[in-house]
Amino acid sequence: MPATDITGEAMANSAIANCGWSFVVLMSRQGKIRLSEFFQSYTESEKRRILRDIGADILPRAPKMCNIVEKGTYKFVYRRYASLYFVVGVPLGLNELIVLEQIHLFVEALDGYFNSVCELDLVFSLHKSLLILFEMFIGGMLCESSKREVLKSIVEAEELVEEMTKPGEDTASQLDDGLSFQEQFQLGRTPGRRTGPAAGPGGRR
Amino acid sequence: MASQARGLQNFISDLRNAKSKEEETKRVDKELANIRKQFTPKGGKVAEDGSNPALSSYQRKKYVWKLVYIHVLGYDVDFGHAEVMVLVRSNKYSEKHVGYTALSLLLRGDDPMVNTVLSTIRKDLTTPSTSEKKNSAPPDAGQSLALCSIANIIGLELIQALHSEVQQTLVAKSSTPNVKKKAALCLLRLVRTSPKVVAGREFAPQVAQLLQDRHLGVLTSAMSLLYGLASQIPDDYESLIPYVVHILGMLVLKKACAREYLYYRTPSPWLQIKLLKFLQLYPTSLVQTPKNGNGKETAADNAAHITQLTSIVSKILTETDVSDSINKSNADHAVLFEAVNLIVTWGSSGPDHLRDGAMKLLGKFISVREPNIRYLGLLTMAKLAQLEGSAESIKKHQATVLVSLKDADISVRRRALDLLFVMCDTDNAERIVDELVAHLVLADAAIREEMVLKIAILAEKYATDLRWYVDTILKLISISGDHVSDAIWHRVVQIVTNHPQGDLQAYTAATLLVAASPRRCHETAVRVAAYVLGEFGFLIAERPGMSGEEQFRILHQHWATSEYQTRAILTSTYAKLANLYEECRPLVAPVFARCKNSVDVEIQQRAAEYASMREAFSPEAVEDLLREMPPFEDNKQSALEQRLRDKEGDDSAAVVKAARPSAAQRERAAQSKAAARAVEEVQAQAKADDVGPIEDDPVSPMSDGSPGTNRPKDRTQKVGIPREVIPAMRKAFSNLCTSPSGVLFENAVLQVGVKQEYVGAQGRISVFFGNLSKKPLFHFRAIVEDVEHLKVQKQGTQGLLDEDENGGCTVAVRTQAKLLLLVEVTAPFDDAPAMRVVFETEEGELHEYPLRLPVVATCFMEPVTLEPAAFMQRWKSLEGQDRECQEVVKAPANAPTIDEEYMTRISRIVTEGLKFGRCQGCDPTPWTVSGAATFRTGAKDMNGNNINVGCLVRVEANPQAGAFRVTTRTLHPLCSKAVKNVALVSIKLSSSP
């Protein structure tokens with residue numbers, strides 16, 4: 001029988017099959033974290049430990065090795081794109097191959113949004129990647145598997161933000177920041193169109 | 001877009017340019033300080049909710065984004081929540097959007113701040129549209145944001161406050177697909193934290209409704225929810241199996257799937273996997289009719305589902321192929337492995353051809369080059385190996401698996417190790433364990449601990465000869481001692497202590513002594529050696545180079561380099577050695593003296609107590625204290641299995657495997673049960689006899705355990721030898737060792753008498769069992785143990801020798817059953833054959849007496865008369881450790897003083913009891929008695945002559961000390977020991993009044 005105590009969080013977790021990602025971390029070849037999201041409650045020290053383990057266990061692995069690393073009660077499933085590692089923590093018993101493809105699906109969605117994504121896109125448009133992540137995964141579980149659907153809702157939300165922001169509302173502060181029109185244009189570029197300067201040193205896939 | 005600002009861009013650039021982690025941290029700290037300052041209003045005017053009202057919308061968004069960024073980089077952000085709340089409460093979508101995202105990331109469920117926005121979240125969740133605005137925001141935008149946040153925050157209060165709203169949103173007709181799919185996962189997230197919020201039986205029909213949704217996104221989410229719920233209480237959702245099979249059929253058989261949900265031409269692999277996972281929750285679904293509440297389900301429908309499911313799985317199995325696109329290949333194989341898992345859960349209730357097909361596929365997978373497939377092949381094969389009857393087909397792949405054990409990839413190695421562990425059985429255990437041990441030398445640190453643990457479990461499980469087990473563990477210690485946990489060597493001690501049969505204890509003691517001999521050896525080896533020698537060292541003390549003193553010397557060389565824990569064990573061992581061997585006492589005393597000042601309290605205490613024990617207590621109490629440990633209770637689960645479980649979780653194939661006892665273990669357990677009783681009693685009796693004819697050392701306090709104290713209590717239904725007759729029995733046995741007839745055992749029910757005569761290597765022993773009670777004895781049986789060194793022919797009263805429990809003869813009142821044994825000795829020996837007497841009284845009381853027949857080595861002696869010169873020459877030529885045995889025995893306090901008359905009694909013991917020829921000329925004083933004899937055996941040497949062993953004995957008395965020293969020198973160590981033991985016992989017997 002499962003736990004019936006509403007405060008019995010620990011019991012509950014063991015009673016129900018955990019069917020999603022526990023966390024996802026994007027780490028560069030050099031060990032820099034590009035994005036991290038923990039879908040479960042971890043203490044700060046647990047998080048630090050996971051990040052350290054990724055650096056120690058995954059980055060040194062040879063390309064021909066398998067994409068699964070066992071860590072006792074959970075596993076890392078990772079995929080490398082150019083110099084960026086997408087590392088996902090999953091409980092035992094989850095289908096590792098499908099997790100690999102979920103990572104790929106996420107990458108494809110990013111790719112669709114940024115039009116051939118590179119590491120720099122993720123660095124400078126972190127919030128966009130987060131939005132896509134949250135649109136696709138809820139509490140670590142795959143919510144929408146159609147790229148088109150995902151991108152549609154992201155674009156809709158963006159349009160909404162643009163529309164809802166009254167023209168000129170923030171102009172004063174933007175001037176304070178010294179943001180030129182040109183820059184504004186770059187930052188708020190519409191999806192699917194690449195602009196020059198951002199295509200910096202970040203490795204392409 | 002306005003929400004991203006130049007300040008943030010600069011910040012990100014700065015971080016990117018940071019050359020070191022420290023520099024990055026410094027930049028982050030500076031930024032955090034800045035944001036903190038921005039959030040603190042100048043002049044202290046804080047708004048009600050703790051935010052800074054002076055901030056513009058843009059600033060607020062900018063700083064919150066920065067916080068989010070810093071958080072995502074892995075830094076701890078513990079302020080600014082008030083500003084996040086302001087954004088969440090905002091009516092502007094752009095602010096709300098930022099607010100919810102930050103809320104999801106920065107706050108966790110237990111944060112009290114969440115409660116301040118509860119009402120806002122509820123409003124967003126339940127009111128689909130804010131269409132009073134003139135813009136055209138999609139009506140579900142706010143709902144989506146709220147759902148996503150709730151799922152990410154997972155706080156208990158949040159769940160209690162909102163779970164019913166989430167549930168309603170999920171099933172509401174007005175909800176858009178987008179909202180529905182998010183609500184399903186959100187609800188699952190809540191249920192994962194608090195399972196109680198959904199009542200299964202009432203909710204199942206609503207899930208069924210969702211499963212009929214045409215939107216594949218909704219379907220996938222609903223399936224996730226269903227799998228989560230059903231894994232909690234499978235019974236509540238069993239009625240949904242037909243829906244699930246139907247959907248699976250659509251995807252697999254008909255390939256019906258909207259184009260945008262095809263993933264590399266595979267119809268939504270995500271959904272297929274969810275469906276298959278759900279079906280794995282019902283291992284009996286192929287044989288049982290699902291319990292359907294509404295009763296609409298007919299048997300025919302059910303059969304149709306089973307047929308459909310079988311053809312689905314069969315199609316997945318046969319039509320999955322390697323494709324050139326890695327993504328398609330992965331997705332297809334993901335589905336395939338799930339199908340195999342389903343076959344595994346069905347077990348023997350599933351169709352045979354599917355199981356065979358799965359086996360064949362896995363056999364192919366474990367040898368492919370694609371590492372992921374190989375990894376999963378090994379993993380899944382280990383699961384399949386748990387099924388009955390799969391062992392043989394899996395063993396065919398043993399060589400392939402052994403290759404994977406040497407793979408460069410640690411993940412693959414781990415799986416190979418696991419599979420080897422699971423496929424191990426009695427037939428291949430030695431080969432697998434030896435391979436693993438050989439590989440352990442090369443294995444890297446990451447996997448060593450796991451290997452050591454698994455090897456230890458396998459060696460214990462499948463050892464047909466426990467000496468092999470001991471050897472294996474010793475190898476582990478020498479190869480990888482650091483990874484041999486305490487639990488592993490404790491287990492060795494436990495097993496050795498609990499298996500007194502055979503020569504395991506002596507073998508272990510000797511092997512460990514050799515292992516601890518080199519100056520450098522692993523500390524764990526020192527620990528086991530110390531413990532085992534303390535317990536069983538006396539069994540080998542007569543072997544060359546293994547005397548008590550040697551044992552001490554070998555152990556003590558490690559003292560200086562040992563940790564306190566080891567020293568504590570050594571201290572106890574020293575106390576036992578000192579108690580056993582007088583020559584050790586002067587060696588041990590200074591160690592104890594030094595340890596009394598040890599910084600370690602434990603050692604200090606032990607040393608002080610052991611040192612003063614002799615003064616403080618009576619000798620009996622000291623011997624009680626230093627007696628060998630009683631057998632350990634056999635716990636159902638060994639500590640090693642527990643460890644494995646801790647590491648791998650309950651579901652691991654290895655854990656399941658480890659928990660199942662092997663044939664060898666069961667056999668051992670059965671043996672132990674039967675033998676433990678016999679052995680224990682035999683031992684108890686041996687000790688009762690206080691004899692040394694049995695391998696124990698008579699003056700050893702450790703072997704001199706009083707009988708009965710260690711006896712298990714579970715023998716209530718069997719009547720054994722009552723304690724009070726044991727002293728008499730002890731004496732009777734000793735007497736019979738040196739006399740031709742007498743009573744071996746007697747109590748109120750039964751008398752056992754023995755008559756024996758010996759000629760050379762042959763003997764004729766008659767045993768009489770007399771019924772002294774007033775009622776007949778039923779099922780009377782005498783079971784004489786076969787021993788290697790005696791050829792025994794048995795004749796007896798009809799039925800007496802039956803092996804069957806229900807057989808046996810009936811011994812009427814005042815009558816006797818008779819047993820005649822014709823024995824021929826074939827090799828030197830030093831114990832006495834065991835005989836169990838079993839019978840039932842009329843009341844149904846079962847009696848079982850373990851006895852020993854007084855057939856000892858000296859029975860087969862033939863006196864030899866030697867000239868003094870010849871005697872001395874042989875005496876000298878036989879000097880040396882293994883041929884000589886020496887022991888000192890003190891006459892008891894109440895014995896008469898040792899005078900010349902006493903010495904004639906001793907001489908009679910030697911000539912008549914031991915059957916030695918007195919060699920008068922060698923005894924210049926009355927205080928020595930020397931003798932010679934030949935031990936005759938029936939065995940032939942190469943020339944066809946009987947093999948005989950020459951034996952010499954010398955008893956020297958010390959009247960002042962009231963002690964005798966017995967020295968025996970023979971050509972065979974066992975003979976020396978046996979003669980010495982009988983001599984000692986006889987002397988003891990003679991000295992008691």
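Quick notes on the rules
- Residues numbered from 1 in each chain as written.
- Chains lettered and ligands numbered in written order.
- Predicted model: local features only at pLDDT ≥ 70, side-chain atom pairs only at ≥ 80, totals over all residues.
- Heavy atoms only, no water.
- UniProt positions renumbered as here; feature names shortened; annotations may be inferred.
- Helix = DSSP H or I, 4+ residues; strand = E, 2+ residues; numbered from the N terminus.
- Buried < 20%, exposed > 50% of the residue type's maximum accessible area, 1.4 Å probe, protein only.
- Contact = heavy atoms within 4.5 Å.
- Areas by Shrake-Rupley, 256 points an atom, 1.4 Å probe, with all protein chains shown as cover.
- Phe/Tyr/Trp six-rings, centres within 6.5 Å; stacked < 30°, edge-to-face > 60°.
- Lys NZ or Arg CZ within 6 Å of the ring centre and 35° of its normal.
- Pairing = 2+ DSSP bridges.
- Axes fitted to C-alpha atoms, helices over the stretch in contact; angles between N-to-C directions.
- Polar contact = N/O pair within 3.5 Å; in protein donor to acceptor, adjacent residues only side chain to side chain.
- pLDDT = per-residue confidence, 0-100.
- Salt bridge = Lys/Arg side-chain N within 4 Å of Asp/Glu carboxyl O.
- Parallel < 35°, antiparallel > 145°, perpendicular 65-115°, else oblique.
- Left-handed = near helix turned anticlockwise from the far one by under 90°.
- Core = buried A, V, L, I, M, F, W, Y, C linked by side-chain atoms within 4.5 Å.
- Expected span 1.5 Å × (residues − 1).
- Patch = residues over 30% accessible without salt bridge, like charges linked within 9 Å, V, L, I, M, F, W, Y side chains within 5 Å.
- Lys, Arg positive; Asp, Glu negative; His and termini not counted.
- Charge placed at Lys NZ, Arg CZ, Asp CG, Glu CD.

- The name given to chain B in an unreviewed UniProt entry is AP-2 complex subunit alpha, with Seminavis robusta as the source organism.
- Looking at the Sequence similarities (unreviewed entry) heading of the UniProt record, one finds this comment for chain B: "Belongs to the adaptor complexes large subunit family."
- A UniProt comment under Function (unreviewed entry) is attached to chain B, and it reads "Adaptins are components of the adaptor complexes which link clathrin to receptors in coated vesicles. Clathrin-associated protein complexes are believed to interact with the cytoplasmic tails of membrane proteins, leading to their selection and concentration."

- In the annotation of an unreviewed UniProt entry, chain A is listed under the name AP-1 complex subunit sigma and assigned to Seminavis robusta.
- One UniProt comment on chain A, placed under Sequence similarities (unreviewed entry), says "Belongs to the adaptor complexes small subunit family."
- Its UniProt record gives chain A the following Subcellular location (unreviewed entry) comment, quoted word for word: "Endomembrane system".

### Describing the overall build of chain A
- Assigned secondary structure in chain A consists of eight helices and seven strands.
- Taking all 205 residues of chain A together, 58% fall into the buried category.
- In chain A, the share of contacts with a sequence separation of at least 24, taken over all contacts with a separation of at least 6, comes to 51%.
- Looking at chain A as shown, the accessible area adds up to about 8100 Å², and 54% of this sits on carbon and sulfur atoms.

### Regarding the overall build of chain B
- Looking only at helices and strands, one finds 39 helices and 18 strands in chain B.
- The buried share among the 993 residues of chain B stands at 57%.
- In chain B, once contacts between residues fewer than 6 apart in sequence are set aside, the share between residues at least 24 apart is 69%.
- As displayed, chain B offers around 42000 Å² of accessible surface, 51% of which is attributable to carbon and sulfur atoms.

### Thoughts on the packing of aromatic side chains
- Taken as a whole, this structure holds 32 aromatic pairs over all chains when the rule is applied.
- Ring pairs connect the aromatic residues A:Trp21, A:Tyr81, A:Phe86, A:Phe106 and A:Phe137, which therefore count as one cluster.
- The lysine or arginine in question, B:Lys454, covers the ring of B:Phe421, its NZ or CZ lying 5.7 Å from the ring centre.
- For B:Arg954, the ring lying beneath its charged end belongs to B:Trp875, and the centroid distance is 5.8 Å.

### Observations concerning the sheet that holds strand β5 (residues 750–759) of chain B
All names here are of chain B.
- Taken together, the five strands give an open sheet; going across it, the order is β4-β5-β6-β10-β8, and neighbouring strands pair in antiparallel fashion. A strand with exactly one partner marks an edge of an open sheet, and here the two such strands are β4 (741–746) and β8 (790–796). On average, each strand axis in the sheet is tilted by 20° relative to the strand beside it, whichever way the strands run.
- As judged from the nine bridges shared by strand β6 (residues 762–771) and strand β10 (residues 816–825), these two strands associate in the antiparallel manner. In the sheet register, glycine 763 faces β10, and the bridge partner there is valine 823.

### Considerations on the side chain of B:Asn372
- Within the element layout of this structure, B:Asn372 appears in helix α18 (residues 371–384).
- For B:Asn372, a relative accessible area of 3% translates into the label buried.
- Polar contacts involving the side chain of B:Asn372 include one to the main-chain amide nitrogen of A:Asn67, which spans 2.6 Å.
- Apart from residues no more than four positions distant in its own chain, B:Asn372 is found in contact with A:Cys66, A:Asn67, A:Ile68, A:Leu97 and A:Leu100.

### Structural notes on the confidence of the model for chain A
Residues and elements named next belong to chain A.
- The share of residues in chain A with pLDDT of 70 or more is 69%, and the mean pLDDT across the chain is 73.
- In the model of chain A, helix α7 (residues 171–176) stands out as the element of lowest mean pLDDT, 33, in contrast to strand β5 (residues 84–91), which has the highest, 93.
- Considering only residues more than four positions removed or in separate chains, one finds that residues 164–205, a stretch of pLDDT under 50, has 67 contacts.

### Here we look at the pattern of salt bridges
All names here are of chain A.
- Counted by the stated rule, this structure contains 53 salt bridges over all chains.
- Arginine 49 serves as the salt-bridge partner of aspartate 53, at 3.7 Å between the closest nitrogen and oxygen. Placement of the pair is aspartate 53 and arginine 49 together in helix α2 (residues 44–58), with a separation of four residues, close to one helical turn.
- The partly exposed category is assigned to arginine 49, whose relative accessible area is 48%.
- Two residues, aspartate 57 and lysine 71, come together in a salt bridge whose shortest N-O distance is 2.6 Å. Within this pair, whereas aspartate 57 is found in helix α2, its partner lysine 71 is found in strand β3 (residues 68–71), the two being separated by 14 residues in sequence.

### Notes on the packing of helix α25 (residues 486–498) of chain B against helix α26 (residues 504–516) of chain B
Residues and elements named next belong to chain B.
- As a packed pair, α25 and α26 sit with axes 8 Å apart at the nearest point and diverge in direction by 140°. With respect to each other, α25 and α26 are oriented oblique. For the pair α25 and α26, the crossing hand works out as left-handed. Where α25 approaches α26, its residues Ile495, Val496 and Thr497 are matched on the opposing element by Leu504, Gln505 and Thr508.

### Looking at the pairing of strand β18 (residues 963–970) of chain B
All names here are of chain B.
- Most of β18 is tucked away: seven of the eight residues are buried.
- Two strands pair when backbone bridges link them, and strand β14 (residues 884–890) and β18 are joined in this way by seven bridges, in the antiparallel orientation. Paired with valine 888 across the bridge in β18 is arginine 965.

### Side note on the nonpolar core
- Judged by nonpolar contacts, the single largest core of 278 residues is most densely connected at A:Phe86, B:Tyr237 and B:Phe278.
- The leading source of residues in this core is helix α3 (residues 96–114) of chain A, at 12 residues.
- Those residues in contact with B:Phe278 that sit more than four places away from it in its chain are B:Met223, B:Leu226, B:Tyr227, B:Ala230, B:Tyr237, B:Leu240, B:Ile241 and B:Val244.
- One finds B:Ile721, B:Met835, B:Tyr902 and B:Cys975 within the second-largest nonpolar core, a separate group that totals 72 residues.

### Quick look at helix α24 (residues 466–480) of chain B
Residue and element names in this part refer to chain B.
- For α24, spanning 15 residues, the distance from its first C-alpha to its last is 21 Å, which sits close to the expected 21 Å at 1.5 Å a residue.
- When we look at burial in α24, the residues that qualify are Leu466, Trp468, Tyr469, Val470, Thr472, Ile473, Leu474, Leu476, Ile477 and Ser480.
- With a side-chain oxygen positioned 3.0 Å from the backbone nitrogen of arginine 467, the residue opening α24 is aspartate 465.

### Brief notes about the sheet that holds β5(A)
Residues and elements named next belong to chain A.
- Read from one edge of the open sheet, five strands run β2-β1-β5-β4-β3, paired in antiparallel fashion. Edge strands, defined here as strands with exactly one partner in the open sheet, are β2 (33–38) and β3. Direction aside, the axes of adjacent strands within the sheet are offset by 20° on average.
- Relative to strand β4 (residues 74–81), β3 is paired through four bridges, and the arrangement is antiparallel.

### Brief notes about the environment of B:Ala391
Residues and elements named next belong to chain B.
- Tracing the backbone shows alanine 391 in helix α19 (residues 391–395).
- With a relative accessible area of 36%, alanine 391 lands in the partly exposed category.
- Separated by 31 residues in the primary sequence, alanine 391 and valine 422 place their C-alpha atoms 9.3 Å from one another.

### Comments concerning the environment of B:Glu338
- One can find B:Glu338 in helix α16 (residues 326–346).
- For the pair B:Glu338 and B:Gln280, spaced 58 residues apart in sequence, the C-alpha to C-alpha distance is 8.8 Å.
- Excluding its chain neighbours within four sequence positions, the residues that come into contact with B:Glu338 are A:Asn95, B:Ile273, B:Leu276, B:Lys277 and B:Gln280.
- Within the structure, B:Glu338 has its side chain in polar contact with the side chain of B:Gln280 (distance 2.9 Å).

### Looking at a negative patch on the surface
All names here are of chain B.
- On the surface, Asp802, Glu803, Asp804 and Glu805 cluster together into a negatively charged patch.
- Assignment of secondary structure puts aspartate 802 in the loop between β8 and β9 (809–811).
- A relative accessible area of 31% means that aspartate 802 is categorised as partly exposed.

### A short note on the side chain of B:His847
All names here are of chain B.
- Structurally, histidine 847 is set in strand β12 (residues 846–852).
- At 2.9 Å, the side chain of histidine 847 and the side chain of tyrosine 849 are in polar contact.
- Setting aside its immediate chain neighbours within four residues, histidine 847 contacts Val719, Val837, Val838, Phe839 and Thr841.

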